[in-house]
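Descriptive analysis of the structure
The residues making up each chain are set out below.
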Amino acid sequence: CERIRHLSPRPGWNVEPTATQFITPDVIVRKVRGRWTATLNRAVVPRGKPNQAYASMFQEHREPGHGEMAQHLQDARRTVKHVQQRFSTILMVSEAILKRQQHFLEFGPMAMKPLGLRELANELGLHESTVSRVTHNKYMTTPVGCFALTYFLSRALATASGGACAAPASRAAITGVSAAAS
């Protein structure tokens, strides 16, 4: 009885909870009028632009000694342009993935087609490293669930019939077989 009295009635309180990491999708996929469409999640797209009041004041009071200010204004405009370009590339890559993986959305993982990083980059006219950077730590939410963009990129695995299938499709086939056998 003495040992039991010294035990904690709430032993879980001694364990420090870990912070839950939530995923915010970068791309949202919906079916609109019978077609799958991808849109950027407005919550993740930054809304920055150079302050127009300062830019116009600089334009009005332009003096030869203020070259550094002109450079800062140019840098700000260039940064905004690059951020916009980055998100347009994310959308372009997502739309290409969506176009290729429509059957996945309709029928699930068994219908996924193989799609390599190099193949996608060539199709879009981008460098492989650009597509790799754009898909790294980016997520797409679909009616089926939320997936990393890299989930949709997989090498072709040879099948016994001489065809090819994507790794997630083969995993789904194996899982389906093991569930049916149980």
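Throughout this description, residue numbers start from 1 for each chain and increase along the sequence as written. Selection of residues for local features in this predicted model requires a pLDDT of at least 70, selection of side-chain atom pairs for listing and counting requires 80 or more, and totals for whole chains, interfaces and linings are taken over all residues. Values reported for side chains reflect all heavy atoms of the structure, with hydrogen atoms and water molecules removed beforehand.

We call a residue buried when its accessible area falls under 20% of the maximum for its residue type, exposed when it is over 50%, and partly exposed in between, using a 1.4 Å probe and counting protein chains only. Numbered from the N terminus, helices here are DSSP runs of H or I no shorter than four residues, and strands are runs of E no shorter than two. Of all the positions in helix 6 (residues 128-135), only Val131, Val134 and Thr135 are classed as buried. The buried residues of helix 6 occupy an angular sector of 90° when projected down its axis, which confines them to one face. A positive phi of about 55° marks Asn137, the residue just after helix 6. Within this analysis, the arc is defined by the directions that extend from the helix axis to the C-beta atoms.

Any residue with an atom within 4 Å of a point lines the site, the site being either a cavity, points on a 1 Å grid over the protein atoms alone where a 1.4 Å probe fits but cannot get out, or a pocket, an open set with protein on both sides within 12 Å along at least 5 of 7 lines. Grid points are joined across faces, edges and corners, and a volume is the space filled by probe spheres set on the points. In this structure, the largest pocket occupies an estimated 150 Å³ of space. Lining of the largest pocket is provided by Pro50, Asn51, Tyr54, Ala55, Met57, Phe58, Met69, His72 and Leu73. Looking at the lining of the largest pocket, the elements with two or more residues in it are helix 2 (52-60) and helix 3 (67-100). Top element by residues in the lining of the largest pocket is helix 2. It accounts for four residues. Residue type decides the class: Asp, Glu, Lys and Arg count as charged, Ala, Val, Leu, Ile, Met, Phe, Trp, Tyr, Cys and Pro as nonpolar, and the leftover types, Gly among them, as polar. Among the residues forming the lining of the largest pocket, the class breakdown is seven nonpolar, two polar and no charged.

Let us look at the packing of aromatic side chains. Note on ring pairs: Phe, Tyr and Trp rings are taken, using the six-membered ring of Trp, and paired if centres are within 6.5 Å. Classes follow the plane angle, with under 30 degrees stacked, over 60 edge-to-face and the rest tilted. Inspection of the entire model under this criterion finds six aromatic pairs. Aromatic pair Phe104 and Phe152: ring centres 5.4 Å apart, planes at 85°, arrangement edge-to-face. With Phe104 in helix 4 (residues 102-107) and Phe152 in the loop between strand 4 (145-148) and strand 5 (156-158), the pair connects residues that are 48 residues apart, well separated along the chain. Classification of Phe152 as buried rests on a relative accessible area of 2%. Summarising the aromatic geometry, the rings of Tyr151 and Phe152 are spaced 5.6 Å apart at their centres and angled 85° between planes, so their arrangement reads as edge-to-face.

Before going further, it helps to spend a moment on the pairing of strand 4. Pairing geometry for strand 3 (residues 139-142) and strand 4, over four bridges, is antiparallel. Bridge pairing in strand 4 links Met140 to Phe147. In this scheme, strands are said to pair when DSSP sees at least two bridges between them. Between strand 3 and strand 4, which follow one another and run antiparallel, lie two residues.

Before going further, it helps to examine the sheet that holds strand 2 (residues 35-40). Strands pair in a sheet through their backbones, by hydrogen bonds, and they do so in one of two ways: parallel or antiparallel. With mixed pairing, four strands are arranged side by side in an open sheet as 2-1-3-4. Sheet topology places strand 2 and strand 4 at the edges, where each strand pairs with a single neighbour. Averaged over neighbouring strand pairs, the angle between their axes works out to 25° when direction is ignored. Two elements, strand 1 (residues 27-32) and strand 2, share six bridges in a ladder whose sense is antiparallel. Residue pairing for strand 2: Val32 is matched across the bridge by Arg35. Fitting a line to C-alpha atoms yields each axis, with helices limited to the stretch in contact; the angle taken between N-to-C directions then spans 0 to 180 degrees.

Moving on: the side chain of Thr135. Secondary-structure assignment places Thr135 in helix 6. Take Thr135: its relative accessible area is 2%, and that puts it in the buried class. Pairs of N or O atoms are called polar contacts if they sit within 3.5 Å, as long as, within protein, a hydrogen donor faces a hydrogen acceptor (for residues adjacent in sequence, only side-chain-to-side-chain pairs). A polar atom in the side chain of Thr135 sits 3.2 Å from the backbone oxygen of Ser132. By the convention used here, residues are in contact when the closest approach between their heavy atoms is within 4.5 Å. Once residues lying within four places of it in the same chain are set aside, the contact partners of Thr135 are Val93, Leu149, Thr150 and Leu153.

It is possible for side chains bearing opposite charge to pair when their charged atoms get close. Salt bridges are defined by distance alone: a side-chain nitrogen of Lys or Arg within 4 Å of a carboxyl oxygen of Asp or Glu. One pass over the structure, following the stated rule, counts five salt bridges. A salt bridge links Lys31 to Glu106, with the shortest nitrogen-to-oxygen separation between them at 2.7 Å. Taken together, the residues Lys31 in strand 1 and Glu106 in helix 4 connect sequence positions 75 residues apart. For Lys31, a relative accessible area of 43% corresponds to the partly exposed category. Owing to a relative accessible area of 39%, Glu106 belongs among the partly exposed residues under this scheme. With a closest N to O distance of 2.3 Å, Arg100 and Glu119 form a salt bridge. Taken together, the residues Arg100 in helix 3 and Glu119 in helix 5 (residues 117-124) connect sequence positions 19 residues apart. Using a relative accessible area of 26% as the deciding quantity, one classes Arg100 as partly exposed.

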